[in-house]
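Examining the three-dimensional arrangement
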Amino acid sequence: ISTKTTLAGIHFDNCLMNAAGVYCYDASELNQIQNSMAGTFVTKTGTVTPRTGNQVPRYRATHLGSINSMGLPNKGLQYYMDYISQQQKAVPHKTYFQSIAGFNLAEDEYLLAQIQASDFTGVVELNLSCPNVPGKPQIGYDFETVEKILTRVFEVYRGPLGIKLPPYFDIVHFDQMATILNQFPLAFVNSVNSIGNGLIIDSLSERVTIKPKHGFGGIGGDYLKPTALANVHAFYQRLKPSIQIIGTGGIKSGQDAFEHILCGASMVQVGTALHAEGPQIFARLTAELKTIMYQKGYTTLTDFRGKLNYLD
Ligand SMILES: CC(C)(C)CCc1c(C(=O)O)[nH]c(=O)[nH]c1=O
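Summary of the structure given here. (Residues numbered from 1 in each chain as written. Predicted model: local features only at pLDDT ≥ 70, side-chain atom pairs only at ≥ 80, totals over all residues. Heavy atoms only, no water.)

1. Some remarks on helix α4 (residues 143-156)
Compared with the 20 Å implied by 1.5 Å per residue over 14 residues, the 20 Å span of α4 between its first and last C-alpha is a close match. Turning to α4, the residues buried within the fold contact α3 (105-116), β7 (123-127), β8 (161-165) and α5 (171-181). (Helix = DSSP H or I, 4+ residues; strand = E, 2+ residues; numbered from the N terminus. Expected span 1.5 Å × (residues − 1). Contact = heavy atoms within 4.5 Å.)

2. Observations concerning the nonpolar core
Counting residues in hydrophobic clusters, the biggest one holds 68 residues, and the most contacted among them are Ile163, Leu165, Leu181, Leu186, Val189, Phe235 and Val270. Setting aside anything within four residues of it in sequence, one finds Ile163 in contact with Leu126, Leu128, Leu150, Leu181, Leu186, Phe188, Val189 and Asn190. With 12 residues, the next largest nonpolar core counts Ile10, Met17, Phe188 and Met267 among its residues. (Core = buried A, V, L, I, M, F, W, Y, C linked by side-chain atoms within 4.5 Å. Buried < 20%, exposed > 50% of the residue type's maximum accessible area, 1.4 Å probe, protein only.)

3. Observations regarding unusual backbone geometry
Cis geometry marks the peptide bond from Val56 to Pro57; its omega dihedral reads -5 degrees. Of note, Pro57 is situated in the loop between α1 (27-34) and β4 (59-62). Of note, the bond from Ser191 into Val192 is cis; its omega dihedral lies within 30 degrees of zero at 15 degrees. Mapped onto the elements of the fold, Val192 is located in the loop between β9 (188-191) and β10 (195-199). Unusually for a residue other than glycine, Ala8 sits at a positive phi of about 55 degrees. Here Ala8 lies in the loop between β1 (5-7) and β2 (10-12). A relative accessible area of 27% places Ala8 in the partly exposed class.

4. Structural notes on the pairing of strand β15 (residues 267-270)
Burial of β15 is two-sided: the residues Met267 and Gln269 facing one way and the residues Val268 and Val270 facing the other way are all buried. Of the strand pairs in this sheet, strand β3 (residues 16-18) and β15 are connected by 3 bridges, and their pairing is parallel. Across the sheet, residue Asn18 finds its bridge partner in β15, namely Val270. Where strand β14 (residues 244-248) and β15 come together, 3 bridges link them in parallel fashion. Opposite Thr248, over in β15, you have Gln269 as the bridge partner. (Pairing = 2+ DSSP bridges.)

If you want it as C-alpha cells, here you go:
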C-alpha cells in the first residue's frame, strides 16, 4: 500500500507535507519536517526582505482549530533559497517547495527572477492571499489582478509553479476563478488558505485571543475542513487536468487526508494539527491513511482520487 504521489511531473514518496507558515520558519523547523515522514516541505512564505511580523500573541489554538494573524514573519527569500540549495545537495532525491509573496507585481517579478537565477530545482508556491493596494480585497479576491499577475508570472518564470488560494464560498466564484486559471500553465492550485478575518473570543475575560487587528485573523483546523473539501472538489471538477490540486485545511487524521484525496487532491498539506502535534504527526497520518486504504481495498491514491460519489 503506497501513499506516494506525483505533482508537476515530480515523484514524492508521501502525499503528506506541511502547510506554508507552519513549522517552516527557519532551518531548525525545516530540518524537523525534512527528518519526518512528510514527503517534502514548503518554506514559510518568503518576501523580498526579512519581516518580524505582527505583535504576539498572534496565534491561538482551540479544540476546534486555530486563529492567526502572524503578519508574514519570515527570514526573507534568500535565507530559504540557501537552505533549499543545501538540502538539494544533501538529500537530492526529494523536491522542495518555496512559498513566495510580493506586495506588488514588481516584487513578485523580483522574487521569481531571484529563483530563476539560482540553482533551485523545486516547485514554487505563490501565495495569493497577500494584501493588494489599500481599499482593494486580498489578491485572491481581486480576479482582475489575479489574471494580471499570472500573465506576468508566466512571462518571467519557467519552472513548475502553483498558487495558494483563499477559500471561495460562491459557485460563481469557483466558475470565474477556474476560467481565469485554465488560461495558464499552472502546475497546481493549493486550496485553501485560512478563512480570512475570523474572530475567536475568550468569553471569560471578554477579550479577543490575538493582539493584531483587534483579534481578527485567519481561521484553520476543524472549522475550515468543509470549506477546504468544497474548494478542492470545485476546482478539481473545473480545472484542466494538467492543473493538479493540493488540498489544505482541517487535516488532523488519516480520514481527513483520505477525504481530501477523494475530492481530488494530489498532495495534502497540514497546518493547524502540525502546529499542535509536531512533525511526528506525519507518521500517524500516514499509518492511518494506509489503514483506511487497506480496509477499502485500495493500494494507491489513484484508486480513489477524485472519485467522490454524489447522491444522484
Ligand atoms: C495573511 C498574509 C500576512 C497577507 C499572508 C501570510 C499568511 C498568514 C500570516 O503570515 O499572517 N497567515 C495565514 O493564515 N495565511 C497566510 O497566507
